[in-house]
Amino acid sequence: MERLNQDSLKTIDEIVERHREEPGPVIVMLHDVQDSLGYVPFEAMEKIADATGTSVADVYGVVCFYAQFTTSPKGKHVINICLGTACYVKGAQALIDEAMSLTGAEINKTSEDGIFSLDATRCLGACGLAPVCIIDGKVFGNCTKDTITEEISKIKAAEKMA
Ligand code: FES
């Protein structure tokens, strides 16, 4: 397993220290680690377990339960496409296929160049706008293949990709 650099370890230590005395510290620490590092590395789960008297297995269970936590680094740009029932019925799979072919990322993986992460999510709570996708935090309702193509092209242009 690749080791974290000193800066990341220090960040985790600071987060653990900051929230140690708060109620429900595990989830709060995990949120902060996810926000700061973009994912929750195993070392963070160990430190959080240590500081809160929880087992690493329990912390890992929390990480797996909540979709907002990831255990591997995300790409620079994150594309979420809802695969909930309403979105699926309205063609979300075709959007995923398009995004996969344009980014080179597999579902729930990051492209080899580290630029794109493609996540298939559960219902985003906006079924009236199905199909829904979120690209770098921006929500697109009634999303079409053209929307996906256009947004990915903009990102590629900004990243100076061919
Ligand atoms: S199923 Fe996609 S937003 Fe609800």
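Residues numbered from 1 in each chain as written. Predicted model: local features only at pLDDT ≥ 70, side-chain atom pairs only at ≥ 80, totals over all residues.

**Things to note about the environment of Gly 75**
Moving on, step 1. Structurally, the position occupied by Gly 75 is in the loop between α4 (56-65) and β1 (77-82).
Moving on, step 2. Separated by 17 residues in sequence, Gly 75 and Asp 58 place their C-alpha atoms 27 Å apart.
Moving on, step 3. Not counting chain neighbours up to four residues away, the residues in contact with Gly 75 comprise Ala 105, Thr 110, Ser 111, Gly 114, Ile 115, Phe 116 and Ser 117. (Helix = DSSP H or I, 4+ residues; strand = E, 2+ residues; numbered from the N terminus. Contact = placed C-beta atoms within 7 Å.)

**Digging into helix α6 (residues 92-103)**
Helical periodicity: at 3.6 residues per turn, an α-helix aligns residues three or four positions apart in one direction.
Moving on, step 1. In a regular helix each residue adds 1.5 Å, so 12 residues correspond to 16 Å; α6 covers 16 Å between its end C-alpha atoms and thus fits that length.
Moving on, step 2. Every buried residue of α6 is accounted for by Ala 92, Leu 95, Ile 96, Ala 99, Leu 102 and Thr 103. For α6, the arc enclosing every buried residue in end-on projection is 135°, short of the 170-degree limit, so these residues lie on one face.
Moving on, step 3. The secondary structure elements touched by the buried residues of α6 are β1, α5 (85-89), β3 (116-121), β4 (133-135) and α7 (145-158). (Expected span 1.5 Å × (residues − 1). Buried ≥ 20, exposed ≤ 12 C-beta atoms within 10 Å, placed from the backbone. Arc of directions from axis to C-beta.)

**Describing the nonpolar core**
Moving on, step 1. Judged by nonpolar contacts, the single largest core of 19 residues is most densely connected at Ile 79, Ile 81, Leu 95, Ala 99 and Cys 133.
Moving on, step 2. When residues of this core are traced back to their parent elements, those giving at least two are β1, α6, β3, β4 and α7.
Moving on, step 3. Ignoring anything within four residues of it in the chain, the contact list for Cys 133 reads Ile 79, Asn 80, Ile 81, Cys 82, Leu 95, Phe 140, Cys 143 and Ile 148.
Moving on, step 4. The next biggest cluster of nonpolar side chains, apart from the first, holds 11 residues, and it includes Ile 15, Val 33, Ala 44 and Met 45. (Core = buried A, V, L, I, M, F, W, Y, C linked by C-beta atoms within 7 Å.)

**Observations regarding the domain arrangement of the protein**
Interfaces are often sized by the amount of accessible area the parts lose when they come together.
Moving on, step 1. Each assigned domain of the protein is listed here: domain 1 (6-65) and domain 2 (77-158).
Moving on, step 2. For domain 1 versus domain 2, the separation of C-alpha centres amounts to 29 Å. (Domains from an automatic or database assignment.)

**Some details on the sheet that holds strand β5 (residues 138-140)**
Note: strands within a sheet are paired through backbone hydrogen bonds, in either parallel or antiparallel orientation.
Moving on, step 1. Taken in spatial order, the 5 strands of this open sheet run β2-β3-β1-β4-β5, and their pairing is mixed. Either end of the sheet is taken by a strand with one partner, and the two such strands are β2 (109-110) and β5.
Moving on, step 2. Relative to β4, β1 runs antiparallel, the two being bridged by 3 bridges. The residue bridging Ile 81 from the neighbouring strand is Cys 133, located in β4.
Moving on, step 3. Relative to β1, α6 is tilted by about 160°, and along the sheet it contacts β1, β3 and β4. (Pairing = 2+ DSSP bridges. Axes fitted to C-alpha atoms, helices over the stretch in contact; angles between N-to-C directions.)

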